Amino acid sequence: MTEPGPDVGADDAAAVRDPRLFAVLYDRYAAQLYRYAHRRIGPEQAEDAVAETFLAAFQRRHRYDADRPSARPWLFGILTRELARRHRAESARYRALARAGPDDVHPAFTDRVDAAVSAQALHGPLAGALARLSRGDRDVLLLVAWGDCSYEEVAETLGIPLGTVRSRLHRARRQIRDALGSIDERA
């Protein structure tokens with residue numbers, strides 16, 4: 001998968017509508033969608049989720065609003081709905097990560113030990129905190145944090161008002177901060 005820049009071409013609408021040009025969308029967005037799905041559901045299912053997303057997009061291409069300058073929010077919306085179908089697997093993954101101990105730190109990485117230890121100490125609690133978020137709050141938080149979506153793109157992706165994006169993000173950040181704050185208090 002090639003890594004496109006954040007700029008989108010004016011040909012997104014044409015690429016969506018024309019089956020011969022649809023591969024342009026894959027080249028432009030597949031890596032972004034995969035990274036987001038990978039972080040949400042792990043590598044085992046991420047490729048399948050992205051493939052299902054593009055299959056669904058191709059099958060629904062006649063419903064695409066040609067006035068949209070970018071297909072990115074539309075594709076993230078399809079992926080988010082695909083992930084909702086896989087929600088049980090995602091929740092189970094977060095619960096397993098929360099129970100798992102920290103990974104071993106190998107001596108070859110001694111120059112990064114401090115950072116690795118700090119990150120590993122937060123890995124389980126972060127996964128647990130993500131699992132406790134409502135699906136709507138988690139979708140907003142992860143689209144912003146892992147999907148690099150703007151608030152406007154999240155609103156378009158999820159079909160919710162911009163104010164709802166802001167309030168869900170604020171609530172999710174507060175809950176994550178509260179969960180991780182208890183880690184600092186124990187240290």
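Summarised in this report is the structure supplied together with it. (Residues numbered from 1 in each chain as written. Predicted model: local features only at pLDDT ≥ 70, side-chain atom pairs only at ≥ 80, totals over all residues. Heavy atoms only, no water.)

With respect to the overall build of the protein
Right, on to step 1. Helices and strands together make up the secondary structure of the protein, namely 9 helices and 0 strands.
Right, on to step 2. Scanning the protein from its N terminus toward the C terminus, one meets helices and strands in the order α-α-α-α-α-α-α-α-α.
Right, on to step 3. Relative to its full complement of 187 residues, the protein shows a buried share of 40%.
Right, on to step 4. Of the contacts made within the protein by residues no fewer than 6 positions apart, 68% connect residues no fewer than 24 positions apart.
Right, on to step 5. Looking at the protein as shown, the accessible area adds up to about 10500 Å², and 53% of this sits on carbon and sulfur atoms. (Helix = DSSP H or I, 4+ residues; strand = E, 2+ residues; numbered from the N terminus. Buried < 20%, exposed > 50% of the residue type's maximum accessible area, 1.4 Å probe, protein only. Contact = heavy atoms within 4.5 Å. Areas by Shrake-Rupley, 256 points an atom, 1.4 Å probe, with all protein chains shown as cover.)

Details of the pattern of salt bridges
Right, on to step 1. Applying the stated criterion across every chain yields a total of 7 salt bridges.
Right, on to step 2. Of the charged contacts in the structure, one is a salt bridge between Arg-28 and Asp-12, with a shortest N-O distance of 2.2 Å. You can see Arg-28 sitting in helix α2 (residues 22-41) and its partner Asp-12 sitting in helix α1 (residues 12-17), a full 16 residues away along the chain. With respect to class, Arg-28 is no different from Asp-12; both count as buried.
Right, on to step 3. Asp-139 is the partner of Arg-40 in a salt bridge, and the nearest nitrogen-oxygen pair spans 2.8 Å. Pair noted here: Arg-40 is in helix α2 and Asp-139 is in helix α7 (residues 135-145), with a separation of 99 residues, a long-range link. An identical accessibility class is assigned to Arg-40 and Asp-139; each is buried. (Salt bridge = Lys/Arg side-chain N within 4 Å of Asp/Glu carboxyl O.)

So, unusual backbone geometry
Right, on to step 1. Of note in this structure, Asp-148 is not a glycine but carries a positive phi near 55°.
Right, on to step 2. One can find Asp-148 in the loop between α7 and α8 (151-158).

With respect to the packing of helix α4 (residues 72-85) against α8
Right, on to step 1. The interhelical angle for the contact between α4 and α8, taken along N-to-C directions, is 55°, at an axis separation of 8 Å. If you check the angle between α4 and α8, you find them oblique. Between α4 and α8 the crossing geometry is right-handed. Across the interface between the two elements, Arg-72, Pro-73, Phe-76, Gly-77, Thr-80 and Arg-81 from α4 touch Glu-153, Glu-156, Thr-157 and Leu-158 from α8. (Axes fitted to C-alpha atoms, helices over the stretch in contact; angles between N-to-C directions. Parallel < 35°, antiparallel > 145°, perpendicular 65-115°, else oblique. Left-handed = near helix turned anticlockwise from the far one by under 90°.)

Considerations on the packing of aromatic side chains
Right, on to step 1. Tallied over the full model, the rule gives 5 aromatic pairs.
Right, on to step 2. For the pair Phe-22 and Phe-54, a centre-to-centre distance of 6.5 Å together with 85° between the ring planes defines the contact as edge-to-face. With a gap of 32 residues between them, Phe-22 in helix α2 and Phe-54 in helix α3 (residues 43-59) connect regions that are remote in the sequence. This pair shows no difference in class: Phe-22 is buried, exactly as Phe-54 is.
Right, on to step 3. Connected via pairs of aromatic rings, a cluster forms that spans Phe-22, Tyr-26, Phe-54 and Phe-58. (Phe/Tyr/Trp six-rings, centres within 6.5 Å; stacked < 30°, edge-to-face > 60°.)

Here we look at the environment of Arg-28
Right, on to step 1. By relative accessible area, which is 14% here, Arg-28 ends up buried.
Right, on to step 2. Separated by 16 residues in sequence, Arg-28 and Asp-12 have C-alpha atoms that sit 9.4 Å apart.
Right, on to step 3. A distance of 2.2 Å separates a polar atom in the side chain of Arg-28 from a polar atom in the side chain of Asp-12. (Polar contact = N/O pair within 3.5 Å; in protein donor to acceptor, adjacent residues only side chain to side chain.)

Quick look at the packing of α2 against α4
Right, on to step 1. The geometry of α2 relative to α4 is characterised by a closest axis approach of 11 Å and an angle of 30° between their N-to-C directions. Overall, the two elements α2 and α4 adopt an arrangement that is roughly parallel. In this structure, the crossing between α2 and α4 has a hand that is right-handed. Facing Tyr-29, Gln-32, Leu-33, Tyr-36, Ala-37, Arg-40 and Ile-41 of α2, the residues of α4 in contact are Arg-72, Leu-75, Phe-76, Leu-79, Thr-80 and Leu-83.
Right, on to step 2. Across the contact of α2 with α4, the residue classes tally to 9 nonpolar, 2 polar and 2 charged. (Nonpolar A, V, L, I, M, F, W, Y, C, P; charged D, E, K, R; others polar.)

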